[in-house]
Every structure is written in C-alpha cells, then in structure tokens.
Amino acid sequence: AIELAHALGNKNPNVAILSATETPIPSMPSSIEATEVLKSIKKYETKSANIYGPLAFDNAISPEAAKLKSLTHPVAGNADILIVPNIETGNSLFKMMVYFMSAVAAGVVMGAKVPIMLTSRGDPIEARIASAALAALTAQNSNSH
C-alpha cells in the first residue's frame, strides 16, 4: 500500500492500523494485533510513511475526532491508508464507500512480477477502467526502480 501511495504521488503517506480502540487492551484482540503490526512495520516510518495504531476509524480519518481524544500523532485524523483488522471489516468498509458514498473502487494485487487487476463481477465499467489504470501505473512504477 505504501508503494502504491508513492506511485500515486504521495511520498509520505499516513498509515492507520485500525481497531475499535486507541489503547491496546487484552479484551480487544485487534488492538493487541495492531500494536504487533505496528512494531513489525515500524522500519518503514520516516523513510517512506508515517505509521500509527491502533486507531478507531473515526480517529484515523477525522481531525476533529482525533483532537477530542487528544491524539497528536501525525496519522491521527489524517490517514491516507487504512489497515483493517480482518477481511470482513475491509470488505464492509469498501462496500459502504461504494454503495453509500458512490465511490469508485480500483483494485490491484501487488507483489507479483506484474500487477494483477482485482475486479468483481458486479463492478461497473468505471471500476474496471480505474483498476486497469492503477495496474498500468503500478507496472510503470515498478519498472522505473
């Protein structure tokens, strides 16, 4: 996701690791997992991204919500990338944006020799074109390294 953000022109994206709380607590496994993920990917911070978590969704995307919770990390309220705790959360978030906000989704699988377009049978033509453009940009960016 960080590499993709770079390819799209965001040289220092803000990455939020989501949970339902901002404090790691044993009764909420996703908050503990977010802390572990943060530790494992911390090496990318300052080089190419700001990474922080756990954060609840509102505190990841809303500067006002982050301020109310006294969260001062640069990612709080300013996330460009959301790392979700599980596929159900990610799928729900994606579909809410598409169906409630009229968002157009583009999908690409990265890490292979060539990018792989990721589309759904139900995607409109705009999403298919956006996915093709994203795959082309990703391929172009990987060839320039």
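The residue numbers shown here count from 1 along each chain, following its written sequence. It should be noted that, the model being predicted, local features are given only for residues of pLDDT at least 70 and side-chain atom pairs only at 80 or more, the latter also being counted only at that level, while totals for whole chains, interfaces and linings use all residues. With hydrogens and water stripped out, all remaining heavy atoms of the structure feed into the side-chain values.

1. Description of the nonpolar core
Generally speaking, soluble globular proteins have nonpolar side chains that are buried together. Defined as follows: Here the nonpolar core consists of buried residues drawn from Ala, Val, Leu, Ile, Met, Phe, Trp, Tyr and Cys, with membership extended through side-chain atoms lying within 4.5 Å. Here the term buried applies to any residue with accessible area under 20% of the maximum for its type, exposed to any over 50%, and partly exposed to those in between, with areas from a 1.4 Å probe on protein chains only. A contact between two residues is defined here by any heavy atoms of the two lying within 4.5 Å.
If you look at the biggest cluster of nonpolar residues, it comprises 10 residues: Ile2, Ala5, Val15, Ile17, Ala34, Leu38, Ile41, Ala49, Ile51 and Ile81. Not counting residues within four places of it along the chain, the set of residues in contact with Ile17 comprises Ala34, Val37, Leu38, Ile41, Ile51, Tyr52, Gly53, Pro54, Leu55 and Ile83. Listed in part, the nine residues of the second largest apolar core include Leu18, Leu55, Ala60 and Val75.

2. Some points on the confidence of the model for the chain
Here is the rule we go by: The score called pLDDT rates the predictor's confidence residue by residue, from a low of 0 to a high of 100. Secondary structure elements follow DSSP: runs of H or I of four or more residues count as helices, runs of E of two or more count as strands, with numbering from the N terminus.
Of the residues in the chain, 95% have a pLDDT of 70 or more, and the chain-wide mean is 90. Ranking the elements of the chain by mean pLDDT puts helix H1 (residues 2-7) last with 88 and helix H4 (residues 63-68) first with 97.

3. Things to note about the side chain of Ser131
As for its placement among the helices and strands, Ser131 is situated in helix H6 (residues 125-143). Exposure remark for Ser131: the relative accessible area of 1% places this residue in the buried category. Not counting the four nearest positions on each side in its chain, Ser131 is found in contact with Ala105, Ala106, Gly107, Met117, Leu118 and Thr119.

4. What to know about the sheet that holds strand E1 (residues 14-18)
Let me state the cut-off plainly: When DSSP finds two or more bridges between a pair of strands, those strands are recorded as paired. Every axis in this analysis is a line fitted to C-alpha atoms, fitted for helices over the stretch in contact. Angles between the N-to-C directions lie between 0 and 180 degrees.
The strand order E2-E1-E3 describes an open sheet built from three strands, whose pairing is parallel. Whereas interior strands pair on both sides, the edge strands pair on one side only; in this sheet they are strand E2 (50-55) and strand E3 (81-83). Pairwise comparison of adjacent strand axes, ignoring direction, gives a mean angle of 25° for this sheet. With four bridges joining them, E1 and E2 adopt parallel strand pairing. Paired with Val15 across the strands is Ile51, a residue of E2. Against the sheet, helix H2 (residues 29-41) touches E1, E2 and E3, its axis set at about 165° to E2.

5. Regarding the environment of Pro63
Tracing the backbone shows Pro63 in helix H4. By relative accessible area, Pro63 is classed as partly exposed at 41%. Apart from residues no more than four positions distant in its own chain, Pro63 is found in contact with Gly77 and Asn78.

6. Points about the layout of surface pockets
Let me state the cut-off plainly: Detection works on a 1 Å grid of protein atoms alone, calling trapped sets that fit a 1.4 Å probe cavities and calling open sets with protein on both sides within 12 Å along at least five of seven lines pockets, with lining residues defined by an atom within 4 Å of a point. Grid points are joined across faces, edges and corners, and a volume is the space filled by probe spheres set on the points. Following the grouping adopted for this structure description, the nonpolar residues are Ala, Val, Leu, Ile, Met, Phe, Trp, Tyr, Cys and Pro, the charged ones are Asp, Glu, Lys and Arg, and the polar ones are all others, Gly among them.
Taken as a whole, the largest pocket encloses approximately 1,500 Å³ of empty space. Contributions of two or more residues to the lining of the largest pocket are made by H1, E3, helix H5 (87-101), strand E4 (108-109) and H6. Counting residues per element, the lining of the largest pocket draws most heavily on H5, which supplies nine residues. Along the lines of polarity and charge, the residues of the lining of the largest pocket split into 26 nonpolar, eight polar and four charged.

7. Describing H2
Residues spaced three or four apart along an α-helix point in a common direction, a consequence of the helix completing one turn every 3.6 residues. Which entries qualify depends on this criterion: The span expected for a helix works out to 1.5 Å for each residue beyond the first. Relevant arc is that of directions from the helix axis to the C-beta atoms, nothing else.
In this model H2 runs 18 Å from its N-terminal to its C-terminal C-alpha over 13 residues, within 8% of the 18 Å that 1.5 Å per residue would give. Along H2, the positions that sit buried rather than exposed are Ser30, Ser31, Ala34, Thr35, Leu38 and Ile41. The buried residues of H2 occupy an angular sector of 145° when the element is viewed end-on, so they sit on one face. In this fold, the buried residues of H2 make contact with E1, E2 and E3.

8. A short note on a nonpolar patch on the surface
Stated precisely, the cut-off is as follows: Residues with no salt bridge and a relative accessible area higher than 30% make up the patches, which join like charges within 9 Å and nonpolar side chains (Val, Leu, Ile, Met, Phe, Trp, Tyr) within 5 Å. Areas reported as accessible are Shrake-Rupley estimates using a 1.4 Å probe. Residue values count occlusion only from the protein chains shown. Note on definitions: salt bridges are taken to be side-chain nitrogens of Lys or Arg within 4 Å of carboxyl oxygens of Asp or Glu.
On the surface, Met96, Met97, Tyr99, Phe100 and Met101 cluster together into a nonpolar patch covering about 640 Å² of accessible area. Positionally, Met96 belongs in helix H5. Judged by relative accessible area, which is 42%, Met96 ranks as partly exposed.

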